[in-house]
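A look at the structure
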Amino acid sequence: MLLAEDLEGYHNLIRLVSAGYTDGFYYKPRIDKELLARHSRGLIGLSSCLKGEVAEGLSHSQARKAVEAAAAYRDILGPDNFFLEMQWHGIDEQRLVNSGFRRSGGI
């Protein structure tokens, strides 16, 4: 999930959403890390829900994959602009992901 931190981030978010629909659309809008890196200034990133790349790695016992994904987003957005998102909706898989965040030292 991406949030705009400032006006530049808002403009970058608009660019990314537009590109996701016009260039990356395949059943749903999508962007890649290269495009995100080109338009990352002023954005804050959250690791997202259970279907996010970081959570998917943890829920499939692929901690290394999760750490690499989180590190890539941290590098793209900056260490102060990427956050791991812990949620609890009563789903057992979410408990596994949340404990994976804690075991890995916050990735």
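We now turn to the structure provided with this report. (Residues numbered from 1 in each chain as written. Predicted model: local features only at pLDDT ≥ 70, side-chain atom pairs only at ≥ 80, totals over all residues. Heavy atoms only, no water.)

**A few points about the packing of aromatic side chains**
- Summed over all chains, the structure comprises three aromatic pairs.
- Ring plane angle 20° and centroid distance 5.9 Å describe the contact between tyrosine 21 and phenylalanine 25, whose orientation is recorded as stacked.
- Taken together, a centroid distance of 4.7 Å and an interplanar angle of 80° make the contact between tyrosine 26 and tyrosine 27 edge-to-face. Residue tyrosine 26 shares its accessibility class with tyrosine 27, and that shared class is exposed. (Phe/Tyr/Trp six-rings, centres within 6.5 Å; stacked < 30°, edge-to-face > 60°. Buried < 20%, exposed > 50% of the residue type's maximum accessible area, 1.4 Å probe, protein only.)

**Focus on helix H1 (residues 7-22)**
- The terminal C-alpha atoms of H1, which comprises 16 residues, lie 23 Å apart, in line with the 22 Å expected from a rise of 1.5 Å per residue.
- Considered for burial, the residues of H1 that qualify are Gly9, Asn12, Leu16, Ala19 and Gly20. End-on, the buried residues of H1 take up no more than an arc of 100°, which puts them together on one face. Opposite the packed face of H1, turned more than 90 degrees from it, sit the exposed residues Leu7, Tyr21 and Thr22.
- In this structure, the buried side of H1 is in contact with strand E1 (2-4), helix H2 (33-38) and strand E2 (43-46). (Helix = DSSP H or I, 4+ residues; strand = E, 2+ residues; numbered from the N terminus. Expected span 1.5 Å × (residues − 1). Arc of directions from axis to C-beta. Contact = heavy atoms within 4.5 Å.)

**Things to note about helix H4 (residues 63-77)**
- For H4, which comprises 15 residues, the first-to-last C-alpha distance of 21 Å matches the rise-based estimate of 21 Å (1.5 Å per residue) to within 8%.
- All buried positions along H4 are accounted for by Ala66, Ala69, Ala70, Tyr73, Ile76 and Leu77. Seen along its axis, H4 keeps its buried residues to an arc of 125°; they face one direction. Away from its buried face by more than 90 degrees, H4 exposes Arg64 and Asp75.

**A look at the side chain of glutamine 87**
- With respect to the secondary-structure elements, glutamine 87 resides in the loop between strand E3 (82-83) and helix H5 (92-103).
- Here glutamine 87 falls in the buried class, since its relative accessible area comes to 18%.
- The contacts of glutamine 87, once residues within four sequence positions are left out, are Ser48, Cys49, Gln94 and Asn98.

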